[in-house]
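Residue-level listing of the chains:
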Amino acid sequence: MPKATPSIPLLVIVSISLFLLPAESHTGKPNLTLDYYQKSCPRFNQIMNELITAKQTASPTTAAGVLRVFFHDCMVDGCDGSTLVASNAFNKAERDADVNLSLPGDAYDLVTRAKTALEIECPGVVSCTDILALSARNLVKMVGGPFYEVPLGRKDGLVSLASRVAGNIAFPNMTMTEIINQFQSKGLSVQEMVALVGAHTIGFSHCSEFSKRIYNFSKALSFDPAMNPYYAKGLQMLCANYTKDSTMAAFNDVMSPGKFDNMYYKNLLRGLGLLATDQAMAEDPRTKPIVELYAANETAFFSDFARAMEKVSVYKVKTGKEGEIRRRCDQFNSLNTDTIRS
């Protein structure tokens, strides 16, 4: 960190530093920087840009998939690439927790492609966690969303436990209070939570995640009355065979599913929210004003989303000896069975 000049109060320097840097940085551990790979892997950004563009062009759902894997990774013990690790005979990894079984293969494929190319270019230098974080940012921008800074230098975590996932990832049947509490446990405000959930403006959800809203909602109603009736009936038709085909899904944003915009919030105000937890944001007094703000002002949404993503991307990152640079993103460099837990 540069030395403070006499004209800038020390308290201001300290306050800004603690806000911008991960919690570990003020204890003397290495800081994340925007130019972390400038000398050790000069073509890092070029290689990443080329691979991300090619993958998104070939598979347009990649952006939503990578963003979802990124969130699921960071919300469980911090951004450390633990969701990328595959299970083995000694350990059931995060990737195989029930809520993560539907994480899309395109996301893992992009990370694998990037890691392979970077290992050829600069072996043992770039972490899988940095690959995931930068991919998420670039893809958000590529599909129309805001740009935000991604400082680099994260290490890959040394632990990945499926048992750690429950309680850290939101489920579609959770109450708004439970979701707010979950985000606040990560240091995220209600407004930051509403902004981050706006990532649902791209991507899709499997029918099993919202089936209770559209089939036998109650004894008197076949679908959730909070839903637009035409929308509900359309979903009933779309998901008619979901019990036989678990891959059946619907876009989270029925109006502009491939574009990162504020249409998601506009949809919520029209009863076009797909997940119950999403629709609840348009009704709960703690979140409704924020939904209305973002529905009316895309600039406000983009600004708040970018700031929240910057904050999430440095949540409990591993640096120094807390982690490693994995040779393969789906495997730890060494298997220490003494430290493995179920």
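Structure: see above.
Summarised in this report is the structure supplied together with it. On a predicted model such as this, the values are computed, not experimentally measured, just so you know. (Residues numbered from 1 in each chain as written. Predicted model: local features only at pLDDT ≥ 70, side-chain atom pairs only at ≥ 80, totals over all residues. Heavy atoms only, no water.)

1. Topic: the overall build of the protein chain
Assigned secondary structure in the protein chain consists of 13 helices and two strands. A total of 342 residues make up the protein chain; the buried ones form 50% of that total. Within the protein chain, contacts between residues at least 6 apart in sequence are counted, and of these 73% link residues at least 24 apart. Split by element, the accessible area of the protein chain, about 16,500 Å² in all, is 57% carbon and sulfur. (Helix = DSSP H or I, 4+ residues; strand = E, 2+ residues; numbered from the N terminus. Buried < 20%, exposed > 50% of the residue type's maximum accessible area, 1.4 Å probe, protein only. Contact = heavy atoms within 4.5 Å. Areas by Shrake-Rupley, 256 points an atom, 1.4 Å probe, with all protein chains shown as cover.)

2. Focus: helix α9 (residues 229-238)
When α9 is considered as a whole, its buried residues turn out to be Tyr231, Ala232, Leu235 and Gln236. For α9, the arc enclosing every buried residue in end-on projection is 140°, short of the 170-degree limit, so these residues lie on one face. The exposed set on the far side of α9, more than 90 degrees from its buried face, consists of Tyr230 and Met237. If you follow the buried residues of α9, they end up packed against α8 (211-214) and β2 (249-251). (Arc of directions from axis to C-beta.)

3. Looking at the pattern of salt bridges
Scanning the model with the defined rule gives 13 salt bridges in all. Lys311 is the salt-bridge partner of Glu192, the closest N and O atoms lying 3.3 Å from each other. Taken as a pair, Glu192 in helix α7 (residues 190-197) and Lys311 in helix α13 (residues 298-312) lie far apart in primary sequence, 119 residues in all. With relative accessibility at 19%, the residue Glu192 sits in the buried group. Residue Lys311 is classed as partly exposed on the basis of its relative accessible area of 32%. A salt bridge links Arg286 to Asp284; its shortest N-O distance comes to 2.9 Å. The exposure class assigned to Arg286 is partly exposed, which follows from its relative accessible area of 38%. What makes Asp284 buried here is its relative accessible area of 14%. (Salt bridge = Lys/Arg side-chain N within 4 Å of Asp/Glu carboxyl O.)

4. Things to note about unusual backbone geometry
The backbone phi angle of Asn216 is positive, close to 50°, even though this residue is not glycine. By the element assignment, Asn216 lies in the loop between α8 and α9. Under the relative-accessibility criterion, Asn216 is labelled exposed at 70%. The phi torsion at Lys316 lies on the positive side, around 50°, for a residue other than glycine. By the secondary structure assignment, Lys316 is in the segment after α13.

5. Focus: the side chain of Ser135
Mapped onto the elements of the fold, Ser135 is located in helix α5 (residues 128-142). When near neighbours in sequence (up to four residues on either side) are disregarded, Ser135 contacts Met48, Ile52, Val66 and Leu110.

6. Overview of the environment of Asn333
Its place among the elements puts Asn333 in the segment after α13. Not counting chain neighbours up to four residues away, the residues in contact with Asn333 comprise Glu324, Ile325, Arg326 and Arg327. Within polar-contact distance, the side chain of Asn333 engages the backbone nitrogen of Arg327 at 2.8 Å. (Polar contact = N/O pair within 3.5 Å; in protein donor to acceptor, adjacent residues only side chain to side chain.)

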